[in-house]
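If you want the building blocks of each chain, they are given just below.
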Amino acid sequence: MRADHIPLIVGLLVFISSLISLKIGLSVAIIEIVLGVIAGNLGLMPEEWMLYLAGFGGIVLTFLAGAEIDAKLMKERLKESLLIGIPSFLTPFIAAFLYTYYIAGWGLPASLIAGITLSETSIAVVYSVLIETNLLQTKTGKLILSATFVTNTGTALLLSILFVKPTIYTILFITISIVVIILATQFSHYVFDNPRLKNKVIEPEIKYIFLLLLVFIYFANLGGGHAILPAFVLGLLMSKHFKETSETKVVKNRLRTVAFAIITPVFFIVVGMKVSLPLIISASGIFIALLIIKQAAKFLGVYFFAKRYIPNGKVYTSLLLSTGLTFGLIAAIFGLHSGFIDQVQYSVLTGVLI
């Protein structure tokens, strides 16, 4: 297939996904992933620009998710966020590790990667669904997002503790991330409140946010880390800037429009393209077992605490927190590139996530 055909096909998939989503009422993120799986297994391969844009899309989604969290509510309901988020991370990690190590016969590193991969809850999917269902502005929606943050923090920390070997560049990445977050939190009002920058067609505020995220990505790649966690923390701490005035709320809405129009659709479609159905079929027994184990462990880990703290939405919350994608994909890709898992194990884990 000629390279100039691929952007046209991707644009068509993005548009069709929106139409299907509006027709059947299902999250557009899910439709984009499914169409990506179909396209990838029909021979459409992502180009380098798509891979980078997809990675950037995941970071932008993560930042937006952090910016939507009500820090005051999270502080007030920290107990509920921890009691829902920690079991959401811990139960599938333990269940997946025990199955892959003792029953499937995977090695210790591969089993740990499997547990970490299947322990996370997708910020990208949860945020997209809460936006589309208008639940994000409710206390329930904000609590779900806070619990998702707790879950993914556990996943990211465990991956770092068990596998990442710190170097001078890792320390540099952490240092730069902390400095950027502190400076941006303290001084971003000079950008958002500057009358020379407000309501301009060239969107300097959005470009400023993109620059901060690109700094995270650059130093994360340099240090062998990932920019998702600092991007989420930055969004969380900058959320106050987006709630103080109507002008900054407009900036967030414009950023959301830019992201959902093209950047995040490419992210979801590329994720789907990476799934090999033939490899999943070749290991269908393990795939089905892990899918059942992951979903059951997630659901049970969340349900009993959700029943107590979100009684009217206990099942919905349990199902939504059972989704997985962003951090799980990072763990799976890390495991593959580091030689801890093979291509079949990678396809199985990625397929289970999706």
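Residues numbered from 1 in each chain as written. Predicted model: local features only at pLDDT ≥ 70, side-chain atom pairs only at ≥ 80, totals over all residues. Heavy atoms only, no water.

1. Looking at the overall build of the protein chain
Note the threshold: Segments assigned H or I by DSSP are reported as helices when at least four residues long, segments assigned E as strands when at least two residues long, and all are numbered from the N terminus. Restricting the calculation to C-alpha atoms gives the radius of gyration, and the globule rule supplies 2.2 Å times the number of residues raised to the power 0.38. Any two residues whose heavy atoms approach within 4.5 Å are treated as being in contact. Per-residue and other accessible areas follow the Shrake-Rupley method at a 1.4 Å probe size, with only the shown protein chains counted as cover for residues. When charges are counted, Lys and Arg contribute as positive and Asp and Glu as negative, whereas His and the chain ends are disregarded. The location of each charge is read from NZ of Lys, CZ of Arg, CG of Asp or CD of Glu.
Looking only at helices and strands, the protein chain features 18 helices and zero strands. Taking 20 Å as the expected radius of gyration for a compact globule of 354 residues, we find that the protein chain reaches 20 Å, a close match to that expectation. Expressed as lengths along the three principal axes of its C-alpha atoms, the size of the protein chain is roughly 60 × 55 × 50 Å. Contacts in the protein chain between residues far apart in sequence, at least 24 positions, make up 80% of those at least 6 positions apart. For the protein chain, the accessible surface area stands at approximately 16,000 Å², while carbon and sulfur atoms represent 70% of it. Charge separation in the protein chain, taken as the distance between the mean sites of 25 positive and 16 negative side-chain charges, equals 8 Å.

2. Observations regarding helix H9 (residues 168-187)
The criterion, for reference: By this rule the span expected of a helix is its residue count minus one, scaled by 1.5 Å. Think of it in three bands: with a 1.4 Å probe and only protein chains considered, a residue is buried below 20% of the maximum accessible area for its type, exposed above 50%, and partly exposed in between. Relevant arc is that of directions from the helix axis to the C-beta atoms, nothing else. The term polar contact refers here to a pair of N or O atoms within 3.5 Å; inside protein, the definition further demands a hydrogen-donor-capable atom paired with an acceptor-capable atom, and it admits residues adjacent in sequence only when both atoms are side-chain atoms.
For H9, spanning 20 residues, the distance from its first C-alpha to its last is 28 Å, which sits close to the expected 28 Å at 1.5 Å a residue. Among all positions of H9, only Thr-170, Phe-173, Ser-177, Val-180, Ile-181, Ala-184 and Thr-185 are buried. Down the axis of H9, the smallest arc covering the buried residues is 120 degrees, so these residues share one side. Of the residues that open H9, the one with a side-chain oxygen 3.2 Å from the backbone nitrogen of Tyr-169 is Thr-167.

3. Points about the environment of Ala-29
Counting through the fold element by element, Ala-29 comes out in helix H2 (residues 28-41). Classification of Ala-29 as buried rests on a relative accessible area of 0%. Between the C-alpha atoms of Ala-29 and Val-14, which are 15 residues apart in sequence, the distance is 9.9 Å.

4. Observations concerning unusual backbone geometry
Despite not being glycine, Asn-134 has its phi angle at roughly 60 degrees, a positive value. Within the secondary structure, Asn-134 is located in the loop between helix H7 (123-132) and helix H8 (139-162).

5. Quick look at the pattern of salt bridges
Stated precisely, the cut-off is as follows: Just to be clear on terms, a salt bridge is a Lys or Arg side-chain nitrogen sitting within 4 Å of an Asp or Glu carboxyl oxygen.
Tallying each qualifying case throughout the model produces two salt bridges. The salt bridge involving Arg-77 is made with Glu-80; its shortest N-O contact spans 3.5 Å. Assessed through its relative accessible area of 19%, Arg-77 is described here as buried. Residue class for Glu-80 comes out buried when judged on its relative accessible area of 15%.

6. A few points about the nonpolar core
The criterion, for reference: As used here, the term nonpolar core means buried Ala, Val, Leu, Ile, Met, Phe, Trp, Tyr and Cys residues forming a set that is joined through side-chain atoms within 4.5 Å.
Within the largest apolar cluster, 110 residues are counted, with the highest numbers of intra-cluster contacts made by Leu-213, Leu-234 and Phe-268. Element by element, the count of residues in this core is highest for helix H13 (residues 246-273), at eleven residues. Non-local contacts of Leu-213, meaning those with residues more than four positions away in its chain, are made with Phe-56, Ile-59, Val-60, Phe-63, Ala-231 and Leu-234.

7. A few points about a nonpolar patch on the surface
This is how the line gets drawn: Without a salt bridge and with relative accessible area above 30%, a residue can belong to a patch; like charges are then joined within 9 Å and nonpolar side chains (Val, Leu, Ile, Met, Phe, Trp, Tyr) within 5 Å.
Together, Leu-78, Leu-82, Ile-86, Leu-90, Ile-94, Leu-98, Tyr-101, Tyr-102, Ile-103 and Leu-108 line one region of the surface with nonpolar side chains, adding up to about 930 Å² of accessible area. A total of nine residues in the nonpolar patch trace back to one element, the largest contributor, which is helix H5 (residues 78-103). Tracing the chain through its elements places Leu-82 in helix H5.

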